[in-house]
Amino acid sequence: TTLDLETFVDSNKEHRILCACFYDGTETNNFYISDFSCPEELIMALFETMMQPKYHKYTFYIHNGSSFDLIFSLKKLCNLTTRNVKITPIYKDGKFLNLKIQFNYNDNKTYTLNIKDSLLLLPLPLAKLAKSFGFEDKGLFPYSFPNIDNLDYVGKVPSYKYFDQNKVTKDMYKEYKKSYKVWNLKNEILNYCELDCILLYNIINKFNDLI
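Model, not experiment: these values are computed from the prediction.

Caption draft 1: Spotlight on the environment of N150. With respect to the secondary-structure elements, N150 resides in the loop between α4 (126-132) and β8 (154-155). Along the primary structure N150 and F36 are separated by 114 residues, whereas in three dimensions their C-alpha atoms are 15 Å apart. Non-local contacts of N150, meaning those with residues more than four positions away in its chain, are made with F145 and L185.

Below is the structure:
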């Protein structure tokens, strides 16, 4: 199972969560910030959905989670007192090798899931991993576009300046722009996040087959 969080940078140059998604090989579950009253609610909803008996003993892989994505989750996760949550981290050099989460459910049984950083297993950016394993690129997204005031934006494709110009050429942007009559931020970032999860899932499966 794979997990991903997307963020944006606010006016104080701090990262704020934009959306989250996880994929279990069959279906995706996604969460968008404007559907919740605050980031804490989104994180709570994410982990409440993950902490189900059907995911007992599952491992959730998150790419670069130990140094980035999981930072947004740990404090919030500890507040889930109704589930009697117990977190057991294994870490080295300040990075999580594994995050073991034990929790109760309505049947009062104890269940376990693990979160691991796939970047420590496959130390390349996701886009390069996709190319190495023969999968399609993860696509484009204007990372610099989202901000606290436009989370429900629907309109024209954002300007080229909002894309990573070290990776996205003007020709690539022109082709991307042709694909849209109307561009919806929520739909695009959730789709992008889901594709990241599915791509990472396929990469890990292929890696397991190879070894």
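Caption draft 2: Quick look at the environment of I204. Position of I204 relative to the elements: it lies in helix α6 (residues 185-210). For I204, a relative accessible area of 6% translates into the label buried. I204 sits 173 residues away from F31 along the chain, and the two C-alpha atoms are 23 Å apart. Excluding residues within four positions of it along the chain, I204 makes contact with T2, Y61 and S118.

Caption draft 3: Structural context of a nonpolar patch on the surface. On the surface, I90, L97 and L120 cluster together into a nonpolar patch covering about 250 Å² of accessible area. Its location among the elements puts I90 in strand β5 (residues 86-92). Residue I90 is classed as partly exposed on the basis of its relative accessible area of 47%.

Caption draft 4: Seen up close, the pattern of salt bridges. The final tally for this structure, using the stated rule, is three salt bridges. The closest approach of N and O atoms between D35 and K186, which form a salt bridge, is 3.0 Å. Residue D35 is found in the loop between β3 (28-32) and α1 (39-50), and its partner K186 is found in helix α6; the two are separated by 151 residues along the sequence. Of the charged contacts in the structure, one is a salt bridge between K178 and E175, with a shortest N-O distance of 3.2 Å. You can see K178 and its partner E175 sitting in helix α5 (residues 170-178), three residues apart, about one turn around the helix. When its relative accessible area of 63% is taken as the criterion, K178 is described as exposed.

Caption draft 5: Examining the packing of aromatic side chains more closely. Within the structure shown, the criterion is met by 18 aromatic pairs. Ring geometry for F141 against Y143: centres 6.0 Å apart, planes inclined by 75°, an arrangement best described as edge-to-face. The partly exposed category is assigned to Y143, whose relative accessible area is 38%. Where F145 meets Y153, the ring centres are 5.0 Å apart and the plane angle is 70°; that geometry is what we call edge-to-face.

Caption draft 6: Structural view of the nonpolar core. Counting residues in hydrophobic clusters, the biggest one holds 47 residues, and the most contacted among them are L46, F47, M50 and I115. In terms of residues, this core owes the most to one element, strand β2 (residues 15-23), which gives seven residues. Setting aside anything within four residues of it in sequence, one finds M50 in contact with L3, F22, Y55, F60, L113 and I115. If you look at the next biggest cluster of nonpolar residues, it comprises eleven residues, including L122, L126, L129 and F133.

Caption draft 7: Summary view of the sheet that holds strand β6 (residues 95-104). Taken together, seven strands build an open sheet; the order of strands is β3-β2-β1-β4-β7-β6-β5 and the sheet is mixed. The sheet terminates laterally at β3 and β5, the two strands that pair on one side only. On average, adjacent strands in this sheet sit at an angle of 20° to one another, irrespective of strand direction. Looking at chain direction, β2 and β3 are connected through five bridges and run antiparallel. Of the residues in β3, the one forming a bridge with F22 is N29. The strands touched by α1 are β1 (2-9), β2, β3, β4 (59-62), β6 and β7 (110-117); relative to β2, the strand with the most contacts, the crossing angle is about 15°. Along the sheet face, α6 touches β1, β2, β3 and β4 and points at about 140° away from the line of β1.

What counts, and at which threshold
Along each chain, residues carry numbers from 1 onward, in the same order as the chain's sequence is written. Since the coordinates come from a predicted model, pLDDT governs what is reported: local features require at least 70, and pairs of side-chain atoms require 80 or more to be given and counted, while whole-chain, interface and lining totals use all residues. Side-chain numbers here rest on the full set of heavy atoms in the structure, without hydrogens or water. Secondary structure elements are defined from DSSP: runs of H or I of at least 4 residues count as helices, runs of E of at least 2 residues count as strands, and each element is numbered from the N terminus. Any two residues whose heavy atoms approach within 4.5 Å are treated as being in contact. Whether a residue is buried, partly exposed or exposed follows from its accessible area with a 1.4 Å probe, protein chains only, as a fraction of its type maximum: under 20%, in between, or over 50%, in that order. Each patch is built from residues that are more than 30% exposed by relative accessible area and take part in no salt bridge. Like charges join if they lie within 9 Å; nonpolar side chains (Val, Leu, Ile, Met, Phe, Trp, Tyr) join within 5 Å. Here the accessible surface of atoms and residues is derived via Shrake-Rupley with a 1.4 Å probe, and residues count as covered only by protein chains that are part of the display. Any Lys or Arg side-chain nitrogen found within 4 Å of a carboxyl oxygen on Asp or Glu counts as a salt bridge. Stacked, edge-to-face and tilted labels apply to pairs of Phe, Tyr and Trp rings (six-membered ring for Trp) whose centres lie within 6.5 Å, assigned for plane angles under 30 degrees, over 60, and everything in between, in that order. Note on terminology: a nonpolar core comprises buried Ala, Val, Leu, Ile, Met, Phe, Trp, Tyr and Cys residues joined through side-chain atoms within 4.5 Å. What makes two strands pair is DSSP finding at least two bridges between them. Axis definition: a line fitted to C-alpha atoms, over the contacting stretch in the case of helices. Angles run 0 to 180 degrees between N-to-C directions.

Structural measurements only, silent on function.
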